[in-house]
Amino acid sequence: MNGAEFVPLSLTPLVIGCLAAIACALPGNFLVLRRQALIGDAISHVVLPGIVVAFLVTGVISTWAMMAGAAAAALLAVAMIEVIRRFGRIEPGAAMGVTFTTLFAAGVLMLEQSDTSGVHLDVEHALYGNLESLIWLEATGWHSLLDPSALAGLPSELFRILAVTLVVGVLLAVFWRPLAISTFDEGYAAALGLPVRWIGLGVVIVSALAAVAAFDAVGSIIVIAMFICPAAAARLMTNRLGVQVAWSVFFALMSAVLGFVLAGYGPLWLGASDAVSAAGMIATVSGFILVLAGLFGPARKRA
Amino acid sequence: MLLEALTFQLGYNATLVTLGAMLLGGAAGVTGTFLFLRKRALVSDAIAHATLPGVGMAFIVMAAVGLDGRWLPGLLAGSAVSAFAGLLSVQWLVSRTRLSEDAAIGAVLSVFFGFGIVLLTVIQTMATGGQAGLEGFLLGSTAGMLFADAVLIALGGALVLAIVVLLRRPMTMMAFDPGFAAASGLNPGRIDLAMMGLVLAVTVVGLKVVGLILIVALLIIPPVTARFWSDRADRVVLGAGLFGAVSGWMGAAISASAPDLPTGPIIVLVAFGLFALSFAFAPSRGLASMWARHRRFQTGVHLRQGLLSLAQGQPIYEPLTLRLLQRRGLVRADGVATDEGAARAARALMDERRWDVARATPEFELAAARYDGLARIEEVLTADQIAGIDARIAGPREARA
């Protein structure tokens, strides 16, 4: 494998996979600590109806419309969960289960009913993503990284996920203290005058943003896996929040790189001829990391 | 077409699928109720997603030994094994690490599902053929279902129902009071395991009909729906079974009546429709009755305060109070009390005075605790007691020599 082959075919999917993993792992830390891990699960399910409705309304495959639709669906889901929980007096887990299955079912039904056969929009795509297809055809080798005309051909998913990763990182840095305080001791945070409800909603919205951008590039399996596995594994490594976030980013990167390489080249090493799903492999690797952390992590038990 | 589908007149296979979906819905509803009462509804999500690698493995193994990879009982057996592995993984993460159950569920479902997708892509590249259709396990597909498959699903649903009927007492006890269940000589671990076993069975049986992503809906939505109608566990179980069965029956029938109506999503949407109706209109816990209760209380408070103001000759500025009094003919448009209004106002003031005395008298302590600004004192005290209060209102008289 040399630069002439690696750069056009593997570099961009690898970078996009890494960025998506980090964008999800960062808010994932707070979802895991706030016991809202399954909000990530719910969000990644309701992204499907969101993009289907966006497609039906606009009639074109426009990324921005779809991201708006997915974000709206995520907010609708959060509102539905809250209404069922509060007015129906139903425990949050069940309220979540009612909401995301219903919205997902509606998405599938709309997809089957509408004529989307001509465009690339189907349930399998939504689940697995198409990481492998995000290639950079204009590149001819490492030197293309300095060639403006080749750089113009980079897949647009790269810039979107890069922007979202940066936004998530900056928000995390800016709101670090209130976020940390309200996550560990909501009562104390409220006593300090922090808007705990808005902070909670903010975590959900940022998660939705990361989920939608990552979903666009890599499908919903990675989204759920990266929300939870790196953060959960990092939680077993340390008691300090800052260190935990650093570990989670490291684990997310390892999952993305190892998963991508194993999916692309693993079957070749075993003598098979075709690659397997990179998204699925990244999720699998993140699971292995979690198992290792559960067996050997220094902070795996309750202190 | 829809009517024929609902009345089982749409051909042998469609009828069998509808019956199977009905039994499956009923079984999922009653099983899910215990999960819901234990507050572990979303564990079923992990179990359901964890079936996928088992399906893939079973296909690969069966194809490797030269069988038809799509043989349903084999695939279902494989899915049961990996779903059980997923359940054990959740238990392991919760008991051996400090992760909470929701993180464990999310981790297990995404990792197992991801690995399942890897296996599906492996299968796509295998040279055996016949791999098409495994995607059907994601969202369910009843189109082209074999007769034997439908029988298997119907039998599985019936079997689960029978086991739930046998185990309902110990499982109810566990749901409400695990400590009491243990003290009564039951083995909590074993009952939980049986409950999870039933959930697993429902999931596996439902894979072909509604698919692994949506089977959770059948385990969660009917119990939540039934919860609106009753506070008694046995009735919730019964109701959940009923709602589940109706969802399965109507969903399968609607889906059979026209093209492009996938069975799984339609069943889920019917279940949600029943949920939404119950949420809105169920007696006592529904939104409509909650709203009516609120309105009744609000009206009572406003009327009472309005009447007291009238009796004491204070002007009323509150628009809702004025409107309520006017509509009942108690005040005129200019805010002056009518004859009836004046009479009711005097009575309200009298009542309030009596309450004041009752609340200040230790002897009526218990009755006074029921004061809420609305209940009339006649509802709480006897005529004799009220006479006693009236004597005090008149005030202690000076004894004449």
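In this text the structure is predicted, and so the values were computed from the model without any measurement.

Undergrad: Even after reading the chapter, I still don't get the overall build of chain B, so can you show me in this structure?
TA: Each helix and strand counted, chain B has 18 helices and zero strands in total. Against the 2.2 N^0.38 benchmark of 21 Å for 401 residues, chain B shows a C-alpha radius of gyration of 31 Å, more extended than a compact globule. Across its three principal directions, the C-alpha atoms of chain B cover 115 × 55 × 35 Å. Residue burial in chain B is summarised as follows: out of 401 residues, 47% are buried.

Undergrad: I tried to follow the overall build of chain A on my own but got confused; where do I start?
TA: Looking only at helices and strands, one finds 13 helices and zero strands in chain A. For chain A, the succession of helices and strands along the chain, N to C, is α-α-α-α-α-α-α-α-α-α-α-α-α. For chain A, whose C-alpha radius of gyration is 20 Å, the value lies close to the compact-globule estimate of 19 Å for 303 residues. Dimensions of chain A along its principal axes, counting C-alpha atoms only, are 60 × 50 × 40 Å. For chain A, the residues scored as buried account for 52% of the 303 residues in total. Sequence separation of 24 or more characterises 73% of the internal contacts of chain A that already satisfy a separation of 6 or more.

Undergrad: When you look at the interface of chain A and chain B in this model, what are you seeing that I'm missing?
TA: Quoted interface sizes are often the accessible area lost when the parts come together. Taken residue by residue, the interface counts 52 residues in chain A and 47 residues in chain B. Looking at the side of chain A that touches chain B residue by residue, the class counts come to 29 nonpolar, 13 polar and 10 charged.

Undergrad: What's the story with the packing of helix α16 (residues 339-360) of chain B against helix α18 (residues 383-393) of chain B in this structure? I'm lost.
TA: In helix packing, the relevant descriptors are the interaxial angle and the interaxial distance, both defined with respect to the helix axes. All names here are of chain B. α18 packs onto α16 with a crossing angle of 95° between their chain directions and a minimal axis gap of 9 Å. The pairing of α16 with α18 is recorded here as roughly perpendicular in orientation. Across the interface between the two elements, Arg353, Arg354, Val357 and Ala358 of α16 pack against Ile386, Ile389, Arg392 and Ile393 of α18.

Undergrad: Any chance you could explain the packing of helix α13 (residues 278-296) of chain A against helix α6 (residues 101-125) of chain B here in plain terms?
TA: Across the interface, α13(A) lies against α6(B) with an axial gap of 7 Å and an inter-helix angle of 135°. Accordingly, the angle class assigned to the pair α13(A) and α6(B) is oblique. By crossing handedness, the relation of α13(A) to α6(B) is classed as left-handed. Contacts between α13(A) and α6(B) involve Ala279(A), Gly280(A), Met281(A), Ala283(A), Thr284(A), Ser286(A), Gly287(A) and Leu290(A) on the former and, on the latter, Ala107(B), Ser110(B), Val111(B), Gly114(B), Phe115(B), Ile117(B), Val118(B) and Thr121(B). Class assignment for the residues of the contact of α13(A) with α6(B) results in nine nonpolar, seven polar and no charged.

Undergrad: Any chance you could explain the confidence of the model for chain A here in plain terms?
TA: Low-pLDDT portions of the prediction should not be read for the details of their coordinates. Within chain A, residue pLDDT values average 85, and 93% of them lie at 70 or more. Of all the helices and strands in chain A, helix α5 (residues 123-128) of chain A carries the lowest mean pLDDT, 68, while α13(A) carries the highest, 92.

Undergrad: Help me out: how do you make sense of helix α3 (residues 63-87) of chain A in this one?
TA: An α-helical turn contains 3.6 residues, so a residue and the one three or four places further along point in the same direction. All names here are of chain A. For α3, which comprises 25 residues, the first-to-last C-alpha distance of 36 Å matches the rise-based estimate of 36 Å (1.5 Å per residue) to within 8%. Along α3, the positions that sit buried rather than exposed are Met66, Met67, Gly69, Ala70, Ala71, Ala73, Ala74, Ala77, Val78, Ile81 and Ile84. Buried-residue contacts for α3 involve α2 (37-58), α4 (92-113) and α10 (196-218). At the C-terminal side of α3, Arg89 shows a positive phi close to 50°.

Undergrad: Got a minute to help me understand the confidence of the model for chain B in this structure?
TA: For chain B, per-residue confidence averages 86 on the pLDDT scale, and residues scoring 70 or more make up 96% of the total. Overall fold confidence (pTM) sits at 0.86, and the ipTM for the predicted complex is 0.91.

Undergrad: Before we go on, may I ask you to explain the domain arrangement of chain B in this structure?
TA: Each assigned domain of chain B is listed here: domain 1 (2-262) and domain 2 (288-393). Averaged C-alpha coordinates put domain 1 of chain B and domain 2 of chain B at centres separated by 57 Å.

Undergrad: Whenever I open this one, the environment of Arg85(A) confuses me. Can you help?
TA: Residues and elements named next belong to chain A. Relative to the helices and strands, Arg85 resides in helix α3. Arg85 gets classed as partly exposed once you count the C-beta atoms within 10 Å, which come to 18. Dropping the residues within four chain positions of it, Arg85 is found in contact with Ile90, Pro92 and Ala95.

Undergrad: Help me understand the nonpolar core in this model?
TA: As a rule of thumb, nonpolar side chains are buried together in soluble globular proteins. Judged by nonpolar contacts, the single largest core of 217 residues is most densely connected at Ala20(A), Ala23(A), Ala214(A) and Ile222(A). With near-sequence residues (within four places) excluded, Ala20(A) lies in contact with Ile161(A), Ala214(A), Ala217(A), Val218(A), Ile222(A) and Met226(A). By size, the runner-up hydrophobic cluster in this structure holds eight residues, among which are Leu330(B), Ala337(B), Ala345(B) and Ala348(B).

Undergrad: Just checking my understanding: could you explain the environment of Val204(A) for this structure?
TA: Residue and element names in this part refer to chain A. Residue position: Val204 is located in helix α10. Measuring from C-alpha to C-alpha, the distance between Val204 and Ser255 comes to 24 Å, with 51 residues separating the pair along the chain. Discounting chain neighbours no more than four positions away, the residues touching Val204 are Ile39 and Val78.

Undergrad: Honestly, unusual backbone geometry in this entry has me stumped. Any pointers?
TA: When glycine is set aside, most residues are seen to have a negative phi, and most peptide bonds are trans. Even without a glycine there, the phi angle at Lys39(B) is positive, about 60°. Looking at where Lys39(B) falls in the secondary structure, it is placed in the loop between α2 (12-37) and α3 (43-49).

Undergrad: How should the environment of Gly294(A) be read in this particular structure?
TA: Following the sequence through the fold, Gly294(A) ends up in helix α13. You can call Gly294(A) buried: it has 21 C-beta atoms within 10 Å. Sequence-wise, Gly294(A) and Ser149(A) are 145 residues apart; in three dimensions their C-alpha atoms are separated by 48 Å. Leave out the neighbours within four places in its chain, and Gly294(A) touches Leu236(A), Arg300(A), Leu93(B), Arg96(B) and Thr97(B).

Criteria and thresholds
One numbering rule holds for all chains: residues counted from 1, following each sequence as written. To label them, take the chains in the order written and letter them from A, then take the ligands in the order written and number them from 1. The predicted origin of the model limits local features to residues at a pLDDT of at least 70 and limits the giving and counting of side-chain atom pairs to 80 or more, whereas totals for whole chains, interfaces and linings rest on all residues. Strands are runs of DSSP state E lasting at least 2 residues, helices are runs of H or I lasting at least 4, and numbering of each runs from the N terminus. Computation of the radius of gyration draws on C-alpha atoms alone. For the globule rule, the value is 2.2 Å times the number of residues to the power 0.38. Using C-beta atoms placed from the backbone, we call a residue buried if 20 or more other C-beta atoms fall within 10 Å of its own, exposed if 12 or fewer do, and partly exposed for counts in between. Contacts here follow a simple rule: the backbone-placed C-beta atoms of the two residues must lie within 7 Å. Residue classes follow a fixed rule: Ala, Val, Leu, Ile, Met, Phe, Trp, Tyr, Cys and Pro count as nonpolar, while Asp, Glu, Lys and Arg count as charged, and any other residue, Gly among them, counts as polar. To get an axis, fit a line to the C-alpha atoms, keeping to the stretch in contact for a helix; angles then go from 0 to 180 degrees between the N-to-C directions. Here is the rule for angles: anything less than 35 degrees is roughly parallel, anything more than 145 is roughly antiparallel, 65 through 115 is roughly perpendicular, and the remaining ranges are oblique. Working rule for handedness: look at the near helix, and if it is turned counterclockwise from the far one by less than a right angle, call the crossing left-handed; if clockwise, right-handed. Per-residue confidence from the predictor is reported as pLDDT, a score between 0 and 100. Helix span is expected to be 1.5 Å times the residue number reduced by one. An automatic or database domain assignment is the source of the domain bounds shown. Note on definitions: a nonpolar core is a set of buried residues drawn from Ala, Val, Leu, Ile, Met, Phe, Trp, Tyr and Cys, linked by C-beta atoms within 7 Å.

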